[in-house]
Structure formats: structure tokens, C-alpha cells
Amino acid sequence: DVKVTQSSRYLVKRTGEKVFLECVQDMDHENMFWYRQDPGLGLRLIYFSYDVKMKEKGDIPEGYSVSREKKERFSLILESASTNQTSMYLCASSPLGLAGWSEQFFGPGTRLTVL
Amino acid sequence: GENVEQHPSTLSVQEGDSAVIKCTYSDSASNYFPWYKQELGKRPQLIIDIRSNVGEKKDQRIAVTLNKTAKHFSLHITETQPEDSAVYFCAASTNTDKLIFGTGTRLQVFP
């Protein structure tokens, strides 16, 4: 079974704090993704990575950065948290598909509240 | 820009009835269309996907249809059961190596 884990289920931070969200997958997947999920807006891609030390901006990268030092771990960093970053954050991973795209496996999510 | 529209945002059906959720996409290069189901408090999970070289795909009570000319695809659930109650997301791949998700449909199946 693919397992994608996230460091926290719930997190409360103050405005201006630096926040680290960690994601680990145990299936040797090449691709990893960070999304945020907001009511009525669906899942929006923040950043993704196809390989170690590689990163690509998604649709809403502003205010975020990422780090992928090891294949199994993909970190999302909020450099200076703001209240509009209060959201559910979902990590996902997928293998390199022979026919292109393949299933993304999601973590349980981290509900972040910024006060 | 790239966009996926999903309708309806909420859908209520009686147990045993069918449910249909529709999505349209804007990127003509899209060639992969997954559907995810997210139960309350849980992570999204893939339930079915379709690639652009196929017009329809079925898996027991669920089916997806794709019309590339019109740029729309639909999820069909037959003989709905209470455990089908969840939020469903469609998505489409883009030529910039991303998946664009729809805004979700909350399906409620009443016994």
C-alpha cells in the first residue's frame, strides 16, 4: 500500500512565523506535489517536483517555497505566514507513468490556521 | 489560462438513482482526466480515470465519458448507495505538466 504521510494534522501559527510542512512517501515515487484545498475552490497546485532538488511552480506559488533534498521527502515552507494562508494543505505523490500521467496518492492533509 | 469547470456544486439523489457530474476544460492539449472521491475528513482517492484515446470507461457502477471535440467529460454513478456520499473532483492534465482540478461536487445520497 502506498503511504503518504504529513507531519501534522493540525497546526496553529501566528502571523509572520516561518512554517514548515513535511511530506514523506514510502513508495519511491518520482513526483511529489503540494496543493491547498479551500471550500468552493477545489485543489490548487502550489509547487511540484519531478526529482530530487528539482521544483516547479504551480498555480499559486506566491508566499511559499519548497525543498526536496531526498526523494521521499517534500517540504512546503511558508516564509512569513499570513492569515490568508489559513487552509488545508495536501501533499501527493505519483510514480513516473509509462503512458504519461498516473494516479496521485494523497496524504491525510494538514489543517493550518494562521492567527 | 487553463481552467476546469465542474457542475453541479451540490447534488442530492435518492438511493438507487443515478448521479451525473460534468466537467469542461480549456486546454486542448489535455490528455488525462482523473476523478477523485473525498469522503468527509479523509484524503482524496482516485476512483476512475480516462485518457484521450478512449471515449468511455466503466468500472462496476461508475463510468466516465469523454468528448474531446466539445472538451467535456462526465462521471456517471448508477444505483447510488449512501456510501457514495462524498465530494467528487474532476481534473485535467495540461501541457505544462500539471493537473488542474475542478471545484468539486458534494454528492448526498439519501436512503
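Criteria and thresholds
Residues numbered from 1 in each chain as written. Chains lettered and ligands numbered in written order. Predicted model: local features only at pLDDT ≥ 70, side-chain atom pairs only at ≥ 80, totals over all residues. Heavy atoms only, no water. Pairing = 2+ DSSP bridges. Helix = DSSP H or I, 4+ residues; strand = E, 2+ residues; numbered from the N terminus. Axes fitted to C-alpha atoms, helices over the stretch in contact; angles between N-to-C directions. Contact = heavy atoms within 4.5 Å. Buried area = accessible area lost by both parts, 1.4 Å probe. Salt bridge = Lys/Arg side-chain N within 4 Å of Asp/Glu carboxyl O. pLDDT = per-residue confidence, 0-100. Buried < 20%, exposed > 50% of the residue type's maximum accessible area, 1.4 Å probe, protein only.

Backbone-to-backbone hydrogen bonds pair the strands of a sheet. The strands run either parallel or antiparallel. Residues and elements named next belong to chain B. Reading across from one edge, 1-3-8-7-6 is the order of the five strands in this open sheet, with antiparallel pairing throughout. Two strands in the sheet have a free side with no partner beyond their single neighbour: strand 1 (4-7) and strand 6 (56-59). Within the sheet, the average angular offset between the axes of one strand and its neighbour, ignoring direction, is 15°. Pairing analysis gives six bridges linking strand 3 (residues 19-25) to strand 8 (residues 72-77), with the strands arranged antiparallel.

Further remarks concern the interface of chain B and chain A. The figure often quoted for interface size is the accessible area lost as the parts come together. With 19 residues of chain B at the contact, the number on the chain A side is 23 residues. Together chain B and chain A conceal approximately 1,700 Å² of surface at their shared face, both sides included; 56% is due to carbon and sulfur atoms. Here chain B and chain A share one salt bridge between them. For D59(A), the salt bridge identified is with K98(B), shortest N-O distance 2.6 Å.

The predicted model of chain A averages 93 in pLDDT, with 95% of residues at 70 or higher. Here strand 6 (residues 56-57) of chain A stands out as the element of chain A with the lowest mean pLDDT, 92, in contrast to strand 11 (residues 110-114) of chain A, whose mean of 98 is the highest.

What follows deals with the sheet that holds strand 8 (residues 73-78) of chain A. Residues and elements named next belong to chain A. An order of 1-3-8-7 is seen for the four strands of this open sheet, with the pairing classed as antiparallel. With one partner strand each, in any of the chains shown, strand 1 (4-6) and strand 7 (64-70) form the two edges of the open sheet. Strand-to-strand twist across the sheet, computed as the mean angle between neighbouring axes with direction ignored, equals 20°. Here strand 7 pairs with strand 8 via five bridges, running antiparallel. When the sheet's bridge partners are listed, V66 is paired in strand 8 with L76.

It is a general feature of regular strands that their side chains alternate between the two faces of the sheet. Residues and elements named next belong to chain B. With eight of eight residues buried, strand 9 (residues 86-93) is to be regarded as a mostly interior element. Because side chains alternate across strand 9, one face comprises the buried residues A86, Y88, C90 and A92, and the other comprises V87, F89, A91 and S93, equally buried. Pairing between strand 4 (residues 32-38) and strand 9: four bridges, direction antiparallel. Looking at strand 9, one finds that Y36 is bridged to F89.

With that settled, consider the pairing of strand 9 (residues 87-94) of chain A. All names here are of chain A. In terms of burial, strand 9 is a largely internal element, eight of the eight residues being buried. Here strand 9 shows a buried face lined by S87, Y89, C91 and S93 and a second buried face lined by M88, L90, A92 and S94. Bridge count for strand 4 (residues 31-38) against strand 9 is seven bridges, and the pairing is antiparallel. Bridged to Q37 within strand 9 is M88.

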